[in-house]
Amino acid sequence: MEWEPPVRVGTSVHEFLRAKILTGELPPGSRLAVPSLAKELGVSRSPVRDAVLQLVREGLAIEEFNRGAVVYLPPRPALVSLYHAREALEGMAARLAASSISDATLADLDAVLSEHESIDPDDFHRHIDLDARFHRQIRDAAASPVLIRMLEEIQGQVIVAMRSTNLSGGVHRATADHRAILDALRRHDPDAAEAAARNHISRLTGILEEGGEAAQ
């Protein structure tokens, strides 16, 4: 058995709080009070403080005067800016993944997409979860730690906005876009994969810029 370094308490607290934010258990505006969280989790204040500061750095929380840290909901202009960055990054992730993606990963993507295509279009939260899984698998296949970290931070803020505002460009449009991305990945065509991924995000960015509703 190989020795594995223990997970830092601060890391565990951060992952716990981040998950609660992304699932909507801690909605925007929720206070992240260090003393009460430390008492609730049964840990000292120091790792909780570190975890909250990390959430602030990731854009999932913001420091407010006289309130401390609260869960953050990006306003629409900030969300548009996130999508501009996301378009370039998701496109690069698809390009990198196309060159070396395995048959097993392609099968996993197809399974996620097939499930996504079969859900009730009104099941908004299931849509968000499946959409995020599809994009995350492509990012992992790209095998670029820097790209993964940047997109995870952007995706976190996007998920908070989607869950909090019910912004949605429609399940059928999203899955059609994803099918085009997957087809390009199957052909191991980097140019087509990048173009399909960028077109997907660009369409959503356009909806946001026009003041409409966009999905992931």
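What counts as what
- Residues numbered from 1 in each chain as written.
- Predicted model: local features only at pLDDT ≥ 70, side-chain atom pairs only at ≥ 80, totals over all residues.
- Heavy atoms only, no water.
- Helix = DSSP H or I, 4+ residues; strand = E, 2+ residues; numbered from the N terminus.
- Rg over C-alpha atoms; globule rule 2.2 N^0.38 Å.
- Buried < 20%, exposed > 50% of the residue type's maximum accessible area, 1.4 Å probe, protein only.
- Contact = heavy atoms within 4.5 Å.
- Lys, Arg positive; Asp, Glu negative; His and termini not counted.
- Charge placed at Lys NZ, Arg CZ, Asp CG, Glu CD.
- Axes fitted to C-alpha atoms, helices over the stretch in contact; angles between N-to-C directions.
- Parallel < 35°, antiparallel > 145°, perpendicular 65-115°, else oblique.
- Left-handed = near helix turned anticlockwise from the far one by under 90°.
- Nonpolar A, V, L, I, M, F, W, Y, C, P; charged D, E, K, R; others polar.
- Expected span 1.5 Å × (residues − 1).
- Pairing = 2+ DSSP bridges.
- Polar contact = N/O pair within 3.5 Å; in protein donor to acceptor, adjacent residues only side chain to side chain.
- Core = buried A, V, L, I, M, F, W, Y, C linked by side-chain atoms within 4.5 Å.
- pLDDT = per-residue confidence, 0-100.
- Salt bridge = Lys/Arg side-chain N within 4 Å of Asp/Glu carboxyl O.

For the protein, the name recorded in an unreviewed UniProt entry is GntR family transcriptional regulator, with Paramicrobacterium chengjingii as its organism.

Student: Can you walk me through the overall build of the protein in this structure?
Tutor: Counting secondary structure elements, the protein contains nine helices and two strands. In sequence order, the protein lays out its α and β elements as α-α-α-β-β-α-α-α-α-α-α. Computed over the C-alpha atoms, the radius of gyration of the protein is 18 Å, within 12% of the 17 Å expected from 2.2 N^0.38 for a compact globule of 216 residues. In the protein, which comprises 216 residues, the proportion classed as buried is 45%. Taking contacts inside the protein between residues at least 6 apart in sequence as the whole, the part at least 24 apart equals 75%. Each charge sign in the protein was given a centre, from 24 positive and 32 negative side chains, and these centres are 6 Å apart.

Student: What is the right way to read the packing of helix α2 (residues 34–41) against helix α3 (residues 45–57) from this model?
Tutor: Axes are the key here: two packed helices are described by the angle between their axes and the distance separating the axes. Closest axis-to-axis distance for the α2/α3 pair is 9 Å, and the angle between their directions is 120 degrees. With respect to α3, the element α2 is oriented oblique. The two elements α2 and α3 cross, and the hand of that crossing is right-handed. Contact residues: α2 offers Val-34, Pro-35, Leu-37 and Ala-38, while α3 offers Arg-45, Val-48 and Arg-49. In the contact of α2 with α3, the residues fall into five nonpolar, no polar and two charged.

Student: Is there a simple way to explain helix α1 (residues 9–22) in this structure?
Tutor: With 14 residues, α1 should cover 20 Å at 1.5 Å per step; its first-to-last C-alpha distance of 20 Å lies within 8% of that length. Here α1 has its buried residues at Gly-10, Val-13, His-14, Leu-17, Arg-18, Lys-20, Ile-21 and Leu-22. The positive-phi residue at the C-terminal boundary of α1 is Gly-24, with phi of around 90 degrees.

Student: Can you walk me through the pairing of strand β1 (residues 61–64) in this structure?
Tutor: Bridging between β1 and strand β2 (residues 68–71) involves four bridges; their strand directions are antiparallel. Along β2, the bridge assignment pairs Ala-61 with Val-71. The loop that links β1 with its antiparallel partner β2 comprises three residues; one of these, Asn-66, has a positive phi angle of about 70 degrees.

Student: Could you clarify how one ought to interpret the environment of Glu-25 in this entry?
Tutor: Tracing the backbone shows Glu-25 in the loop between α1 and α2. Once the C-alpha coordinates of Glu-25 and Ala-38 are considered, the two residues, 13 residues apart in sequence, prove to be 18 Å apart. Within the local environment of Glu-25, its side chain forms a polar contact with the side chain of Thr-23, the two groups lying 3.4 Å apart.

Student: Whenever I open this one, the environment of Asn-199 confuses me. Can you help?
Tutor: Along the chain, the position of Asn-199 falls in helix α9 (residues 190–209). Looking at Asn-199, the relative accessible area reads 53%, which means it is exposed. Taking the C-alpha atoms as reference points, Asn-199 and Ala-180, 19 residues apart in sequence, are found 9.9 Å from one another.

Student: Whenever I open this one, the nonpolar core confuses me. Can you help?
Tutor: As a rule of thumb, nonpolar side chains are buried together in soluble globular proteins. Core analysis: the biggest nonpolar cluster contains 38 residues, and Leu-17, Leu-32, Leu-79, Tyr-83 and Met-162 have the highest contact counts within it. Every element with two or more residues in this core is listed here: α1, α2, α3, β2, α4 (76–100), α6 (124–142), α7 (145–165) and α9. Among the elements that line this core, the one with the most residues is α7, at eight residues. Within the second largest apolar cluster, 22 residues are counted, among which are Phe-134, Ala-141, Ile-181 and Ala-192.

Student: So what exactly am I meant to see when it comes to the confidence of the model for the protein here?
Tutor: Low-confidence regions, as indicated by low pLDDT, have predicted coordinates that should not be scrutinised in detail. Per-residue pLDDT for the protein has a mean of 88; in total, 92% of the residues score no lower than 70. By mean pLDDT, α7 is the weakest element of the protein at 87, and helix α5 (residues 103–118) is the strongest at 97. Taken as a whole, residues 1–6 scores under 50 in pLDDT and shows zero contacts with residues more than four places along the chain or in a different chain.

Student: Please explain the side chain of Lys-20 as it appears in this structure.
Tutor: Tracing the sequence through the fold places Lys-20 in helix α1. Despite its burial, Lys-20 remains without a salt bridge, the nearest opposite charge being carried by Glu-40 at 4.1 Å. For Lys-20, the contacting residues outside a window of four places in its chain are Glu-25, Leu-26 and Glu-40.

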